[in-house]
Amino acid sequence: MSLRVGVIGCGLIGRKRAEALDGDALVGTYDLAAPLADALARDFGTTACATLDELWARTPDVVVVAVTHDQLAGLAIAALEHGAHVLVEKPAAVSVAQVDAIEAAAEAAGRRVKVGFNHRFHPAIWRAADEALSGAHGDVMFVRGRYGHGGRLGMETEWRSDPARGGGGEIVDQGMHLLDLSHWLLGPLPLHSALLRTQFWDTAVDDNAALLLGVPDDRLAPWATLHVTWTEWKNLFSLEVYCRTAKLHVEGLVKSYGSQRLTIYKMRPELGPPDVEVIDYPGEDVSWLAEWRHLRSAIADGSPVLGDLADARYGWATIDEAYNMTGYGPVREGVGAA
């Protein structure tokens with residue numbers, strides 16, 4: 001059965017979502033910048049909506065919400081109240097309170113909400129998580145994640161650098177992805193400590209964040225270190241998952257981050273040099289398509305959604321704690337309170 005889909009927010013990410021509908025029907029687009037909505041609608045054989053009421057009247061089964069962070073929650077709730085399932089881009093909201101409000105609206109409407117954590121669906125990351133969570137290599141002991149880009153001229157004036165619109169800085173931009181992956185692999189680890197810096201970009205928000213996650217007084221408990229940066233002069237993605245008998249290392253994503261590679265280091269009983277398996281993946285980004293197919297399946301059969309509001313809630317709770325711990329708390333005063 002083909003789904004009827006509406007897209008709110010027709011910029012880069014909204015277009016990626018439309019391109020990944022896999023045969024489902026785009027029935028309407030909406031954007032405050034009407035030319036963007038018109039262009040996306042025209043490219044997919046539909047018409048743009050001048051108002052949200054016009055979009056609701058087209059009875060979409062699913063609404064994709066791909067707007068600035070401060071607008072995500074309100075539009076997701078509106079779509080739920082009009083009877084649609086929702087794919088809301090990460091970070092889903094700008095506060096824990098807003099995530100909870102989306103959850104309440106979803107429960108009242110009896111509809112599903114998927115948060116756009118597309119990184120889970122990159123094939124190298126998916127395979128690494130499958131290997132780690134299978135138990136074949138023993139328990140996961142710790143995770144080390146690094147993610148960064150070098151920004152672009154004028155980035156300090158963009159909405160992501162405005163705490164009222166973005167909710168925070170790099171800890172939100174790319175940190176939310178690493179927090180989601182850590183949550184997937186290790187569960188809701190508490191924040192042990194954090195360092196946030198604004199070292200290069202002239203903004204109120206952080207351009208670097210380093211997080212240490214884990215219980216401090218349990219010698220056997222899993223833990224994680226995460227570093228995200230807007231000062232990575234060569235775009236980088238690296239995720240290392242350390243199990244008792246293997247290390248799983250994902251490098252690259254696509255395009256400027258380099259093609260994905262998964263290296264599996266399997267320890268021998270006598271230790272020493274491990275057995276090494278290298279898996280290289282094609283250069284195209286299939287994560288958007290895989291994530292859409294997952295959501296469509298979950299809607300059809302009621303199966304759990306991977307990358308949901310609970311994951312976003314954990315991310316925001318950790319981010320808030322990191323901001324308060326490091327003196328950045330005033331940056332988020334009043335953000336997402338309602």
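Quick note: structure is the one above.
The sections below set out a description of the structure shown in this document. (Residues numbered from 1 in each chain as written. Predicted model: local features only at pLDDT ≥ 70, side-chain atom pairs only at ≥ 80, totals over all residues. Heavy atoms only, no water.)

### Looking at the overall build of the protein chain
Selection rule: Where helices and strands are cited, they refer to DSSP runs of H or I of at least four residues and of E of at least two residues respectively, numbered from the N terminus. Residue exposure (1.4 Å probe, protein chains only): buried if accessible area is under 20% of the type maximum, exposed if over 50%, otherwise partly exposed. Here, two residues are considered to be in contact whenever any of their heavy atoms come within 4.5 Å of each other. We get accessible surface area from the Shrake-Rupley algorithm with a probe of 1.4 Å; when it comes to residues, only the shown protein chains can shield them.
A count of helices and strands for the protein chain gives eleven helices and 13 strands. Dimensions of the protein chain, computed from C-alpha atoms along their principal axes, come out at roughly 65 × 45 × 40 Å. Taking all 338 residues of the protein chain together, the buried fraction comes to 53%. Considering only residue pairs separated by 6 or more positions, the protein chain has 64% of its internal contacts joining residues 24 or more positions apart. For the protein chain, the computed accessible surface area is about 14600 Å², with 54% contributed by carbon and sulfur atoms.

### Let's talk about the sheet that holds strand β13 (residues 275-280)
Backbone-to-backbone hydrogen bonds pair the strands of a sheet. The strands run either parallel or antiparallel. For clarity, the threshold we go by: Any two strands with at least two DSSP-identified bridges between them are counted as paired. Axes here mean lines fitted to C-alpha atoms, for a helix over just the part in contact, with angles spanning 0 to 180 degrees between N-to-C directions.
Taken in spatial order, the eight strands line up as β7-β8-β9-β6-β10-β11-β12-β13 in an open sheet, and their pairing is mixed. The sheet is open, and its two borders are formed by β7 (191-197) and β13, each paired with just one other strand. Within the sheet, the average angular offset between the axes of one strand and its neighbour, ignoring direction, is 10°. The pairing of strand β8 (residues 208-214) with strand β9 (residues 223-229) spans seven bridges and is antiparallel.

### Quick look at the sheet that holds strand β4 (residues 85-89)
If you walk across this open sheet you meet the five strands as β2-β1-β3-β4-β5, and the pairing is parallel. With partners counted over all chains shown, the strands left at the sheet margins are β2 (25-30) and β5 (113-116), one partner each. Direction aside, neighbouring strands of the sheet carry axes that sit 20° apart on average. By the bridge criterion, four bridges tie β4 to β5 in an arrangement that is parallel. The residue of β5 that forms the bridge with V88 is V115. Relative to β5, helix α10 (residues 287-301) is tilted by about 170°, and along the sheet it contacts β1 (4-8), β3 (62-65), β4 and β5.

### Re the nonpolar core
The test is simple: For our purposes a nonpolar core is just a set of buried Ala, Val, Leu, Ile, Met, Phe, Trp, Tyr and Cys residues, chained together by side-chain atoms within 4.5 Å.
Ranked by internal contacts, the top residues of the largest apolar core, which has 82 residues, are V88, I171, F237, V241, L262 and W316. At eight residues, the largest contribution of residues to this core is made by helix α4 (residues 69-81). In this structure, L26, A37, A48 and W292 belong to the second largest nonpolar core, which totals 16 residues.

These values are about where atoms sit, not about what they do.
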